[in-house]
Amino acid sequence: MTSILLVCAGLMFFPQSFLQAQSSDVRIVAFGNSITAQRKTVQKVFAQRLPELLKERGINATVINSGVGGSHSGRVIDNRPTAHIQHAQNRFQAQVLDHHPDLVIIGFGANDAYIDTKKPGDPSRIPLEKFRNNMSFMVETLQAAGIKVVLMATNGYKPANRDFLHERLLEYISEVEKIARKYNTGFVNNQATFEKFEQSTGKSASALFEDYLHPNDEGHRLIAESLAAEIQKVLALRKAGKKNILVSKDQNGAPITLPKASRWESYRKQVRARMESVMGPLPDRKLPAPAYEVTDSLKTAKYTRLHIRVKVKDDEVVPAYLYLPNSIKKGDKIPAMIALHETDPAGKKSVDGEGSYEKSRQTLGYGKELAARGYVVIAPDYPSFGESVPYDFTQDAYESGTMKGIFNHMRCIDLLEQLDFVDNKNIGAIGHSLGGHNSMFLSAFDERVKVTVSSCGWTQLDYYDIGPEASERYGGRLGPFAQQRYMPLWSKYGLDGAGKPFEYHELILAIAPRAFFSSSPTGDKNFDVAGVKEGIWLAEKGYSYLSVPNRLQVRYPETGHEFPGAAREEAYQFIDQILSKKSD
């Protein structure tokens, strides 16, 4: 069976999805908003008319209409006045890709162009550049899957209602035509169709509207006829085969395409370069193996915890715990983990279950828990935490506390590698909150990390929101990232989120094809789960492209900013699986 999918847009807030089914060779899905959606005031919208019109042209078709009133080309997060509506990027997988279409008609624009303030010169709901990115991403994704595309530019406003809103909408209509030319898609222009009606009949296009924007039955008839003719042309072209290429997004939402797996390393280097633009350069690591001294020890039933001081560089010492399982025998080669702590003044003590907070003492002892499970574990203090207090970031050799942390953590892995009983081909990283994103930063730079576990460590940056009071205190909602102990260079990108050096799904892609596990609670107020789900969806494309989809795992515990026992156990089992060690 073949399929056609329609993606269209309008302004009404009237969600509707329907299916016109028949014995068919072609499936048409209308995915859009109120210009597409079935309407009580219209006998037959264009999607309802298409099967009959196509049949007259010798094409049997099923039409699936997933129109949602008020939907624009972006995401829920992009526009607060319409945040109660699921938009195109949120619905693209379920209401487009999951239908496995052969042809998609995309027709957004009216809601994107709309100006909520109704003041000339004010911004549209979706800026033109973002609209272009959104549309291009959908087109590239569909074409990579061998799905043909017809772009449908929406009609403008009814003649009597043509003001600055109409003029703004014309810019978006023009943009759709440019995108169609760029990607060589089919193209239908509803505005041009209505203008042609005026020229050929001598009547006003007002006869085609039921209100200021939405076509009436006659308007939908004309749209359906132009679509049917264009669909026939596009279907007559040689069917494009599915391409083994990756289509994802960059930090600004623009599509990125990797046509060959051989370019993966080049892509990873680009991501790391953008990380360095805000973290500072990764220091030269052509250094001797780090020396360490033991200052104290604690023996338990399953492991011995050494209190050590690691010389990562001349005049640079990092306090850490080193856990050695009691089960180590001569000649053993044991997998190892680096356990990174949360934002807790206690530093490394928190991963030993000795943190400053009662809840963390109950749920964040993953350092000692992994040691009890049979792993060699190293747990360093992040600069300005634990025994690394005081720490003067203005006097060190690094452009950010984050890069100092990455360097320290890589040197800790250097230490693990020199231990005779460590299997240096099976090393992983785990962390919660601060440690969660630090584990991601480390893994993006250090390919020796074969598995990464991040608990409450990330969300897409557009979803990171600390509230108005904190935003004012930090100078913007991304202000916490620009603190001296983290990435002060972030301020050059602005702290309101308009500019970003990277997005977190890109860090996960930079880790791929190595294993990544995220524990992202539904109630985490620091790292919004909606942003995690978006990032995972984009990262999944990379892991599938590299033929290792099972190496990307995510869990959504129904709790707050925590690492609950069940999620920890699943993470440990995942680590066991990746590092080739059977669980106890």
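Below or above, wherever it landed, is the structure these notes cover. (Residues numbered from 1 in each chain as written. Predicted model: local features only at pLDDT ≥ 70, side-chain atom pairs only at ≥ 80, totals over all residues. Heavy atoms only, no water.)

Glancing now at the sheet that holds strand 16 (residues 449–455). Strand order across the open sheet formed by nine strands is 10-11-12-14-13-15-16-17-18, with mixed pairing between neighbours. The strands lining the two open edges of the sheet, one partner per strand, are strand 10 (291–299) and strand 18 (552–555). Going from strand to strand, the sheet's axes swing by 20° on average, the running direction of each strand aside. For strand 13 (residues 334–340) and strand 14 (residues 376–380), the ladder comprises three bridges, and the chain directions are parallel. Across the sheet, residue Met 337 finds its bridge partner in strand 14, namely Val 377. Helix-sheet contacts for helix 12 (residues 434–445) involve strand 13, strand 15 (422–432), strand 16 and strand 17 (515–519), and the interaxial angle to strand 16 is about 155°. (Pairing = 2+ DSSP bridges. Helix = DSSP H or I, 4+ residues; strand = E, 2+ residues; numbered from the N terminus. Axes fitted to C-alpha atoms, helices over the stretch in contact; angles between N-to-C directions. Contact = heavy atoms within 4.5 Å.)

Attention now moves to the pairing of strand 15. Within strand 15, nine of the eleven residues are buried, which leaves it mostly tucked inside the rest of the structure. As paired elements, strand 15 and strand 16 share six bridges and run parallel to each other. By the bridge assignment for strand 16, Ala 429 is matched with Thr 452. (Buried < 20%, exposed > 50% of the residue type's maximum accessible area, 1.4 Å probe, protein only.)

A separate point is the side chain of Asp 414. Inspection of the secondary structure assignment puts Asp 414 in helix 11 (residues 401–418). When its relative accessible area of 10% is taken as the criterion, Asp 414 is described as buried. A polar side-chain atom of Asp 414 sits 3.0 Å from a polar atom in the side chain of Arg 411. Asp 414 has contacts with Arg 285, Pro 290 and Arg 448, leaving out every residue within four places of it along the chain. (Polar contact = N/O pair within 3.5 Å; in protein donor to acceptor, adjacent residues only side chain to side chain.)

Now for the packing of helix 11 against helix 12. The contact between helix 11 and helix 12 brings their axes to 10 Å, and the two run at 65°. As far as their axial angle goes, helix 12 and helix 11 are roughly perpendicular. Regarding helix 11 and helix 12, the two cross each other, and that crossing is right-handed. Residues Thr 402, Met 403, Ile 406, His 409, Met 410 and Ile 413 of helix 11 pack against Asn 438, Phe 441, Leu 442 and Phe 445 of helix 12. Residues belonging to the contact of helix 11 with helix 12 are distributed by class as follows: seven nonpolar, three polar and no charged. (Parallel < 35°, antiparallel > 145°, perpendicular 65-115°, else oblique. Left-handed = near helix turned anticlockwise from the far one by under 90°. Nonpolar A, V, L, I, M, F, W, Y, C, P; charged D, E, K, R; others polar.)

This paragraph deals with the packing of aromatic side chains. Per the stated rule, a full pass over the model turns up 24 aromatic pairs. Aromatic pair Tyr 366 and Phe 563: ring centres 6.0 Å apart, planes at 55°, arrangement tilted. Of this pair, Tyr 366 sits in helix 10 (residues 366–372) while Phe 563 sits in the loop between strand 18 and helix 16 (565–578); the two residues are 197 residues apart in sequence, bridging distant segments of the chain. One exposure class covers both Tyr 366 and Phe 563, and it is buried. Pairing Phe 441 with Phe 502 gives two aromatic rings, centres 6.4 Å apart and planes at 75°, and the pair type is edge-to-face. (Phe/Tyr/Trp six-rings, centres within 6.5 Å; stacked < 30°, edge-to-face > 60°.)

As a further point, take the side chain of Asn 134. Assignment of secondary structure puts Asn 134 in helix 4 (residues 128–144). Excluding anything up to four places from it in sequence, Asn 134 contacts Ser 73, Gly 74, Gln 89 and Ile 126.

This part covers the environment of Asp 250. By secondary structure assignment, the location of Asp 250 is in the loop between strand 8 (246–249) and strand 9 (255–258). As for Asp 250 and Glu 506, which are separated by 256 residues in sequence, their C-alpha atoms are 7.3 Å apart. Other than its neighbours up to four places away in sequence, Asp 250 contacts Ile 256, His 505 and Glu 506. One polar contact links the side chain of Asp 250 to the main-chain amide nitrogen of Asn 252, over a distance of 2.8 Å. Reaching out from Asp 250, the side chain makes a polar contact with the backbone nitrogen of Gly 253 at a distance of 3.0 Å.

All right, on to the packing of helix 6 (residues 190–201) against helix 7 (residues 217–236) then. Direction vectors running N to C along helix 6 and helix 7 enclose 115°, while the axes themselves pass 10 Å from each other. Handedness of the crossing formed by helix 6 with helix 7: right-handed. Contact residues: helix 6 offers Asn 190, Thr 193, Phe 194 and Phe 197, while helix 7 offers Gly 219, Leu 222, Ile 223 and Ser 226. Of the residues assigned to the contact of helix 6 with helix 7, the class counts are four nonpolar, four polar and no charged.

This part takes up the environment of Lys 450. Along the chain, Lys 450 turns up in strand 16. Spatially, the C-alpha atoms of Lys 450 and Gly 186 are 45 Å apart, while their sequence positions differ by 264 residues. Beyond its immediate sequence surroundings of up to four residues, Lys 450 is in contact with Lys 425, Ile 427, Arg 514, Ala 515, Ile 578 and Leu 579.

Inspection of every chain in the model, using the stated rule, returns 38 salt bridges. Taking the shortest distance from any N to any O, the salt bridge between Arg 49 and Asp 217 comes out at 2.8 Å. Of the two residues, Arg 49 is situated in helix 1 (residues 46–56) and Asp 217 in helix 7; the sequence distance between them amounts to 168 residues. Residue classification places Arg 49 among the buried positions, given a relative accessible area of 18%. What makes Asp 217 partly exposed here is its relative accessible area of 22%. When salt bridges with common partners are traced through the structure, they connect Arg 75, Asp 78, Lys 130, Asp 462, Arg 477, Lys 500, Glu 503 and Glu 534 into a single cluster. (Salt bridge = Lys/Arg side-chain N within 4 Å of Asp/Glu carboxyl O.)

Our next topic: unusual backbone geometry. Backbone phi values are negative for most residues with the exception of glycine, while trans is the configuration of most peptide bonds. Pro 390 follows Val 389 through a cis peptide bond whose omega is 0°. As for its placement among the helices and strands, Pro 390 is situated in the loop between strand 14 and helix 11. With an omega of 10°, the peptide bond running from Ala 512 to Pro 513 counts as cis. Mapped onto the fold, Pro 513 is located in the loop between helix 14 (504–511) and strand 17. In the Ramachandran plot, Asn 184 falls in the positive-phi region, its phi being about 55° despite a non-glycine side chain. Its place among the elements puts Asn 184 in the loop between helix 5 (164–183) and strand 7 (186–189). Of the residues examined, Asn 184 reaches a relative accessible area of 69% and is grouped as exposed. The phi torsion at Ser 547 lies on the positive side, around 65°, for a residue other than glycine. One can find Ser 547 in the loop between helix 15 (529–545) and strand 18.

All right, on to helix 2 (residues 88–95) then. Those residues of helix 2 that sit buried are Ala 88, Gln 89, Arg 91 and Phe 92. Here the buried residues of helix 2 occupy an arc of 160° about the axis, which is enough to place them on one side. In this fold, the buried residues of helix 2 make contact with strand 3 (26–31), helix 4, strand 8 and helix 15. (Arc of directions from axis to C-beta.)

None of the figures reported here should be taken as evidence of function without further support.
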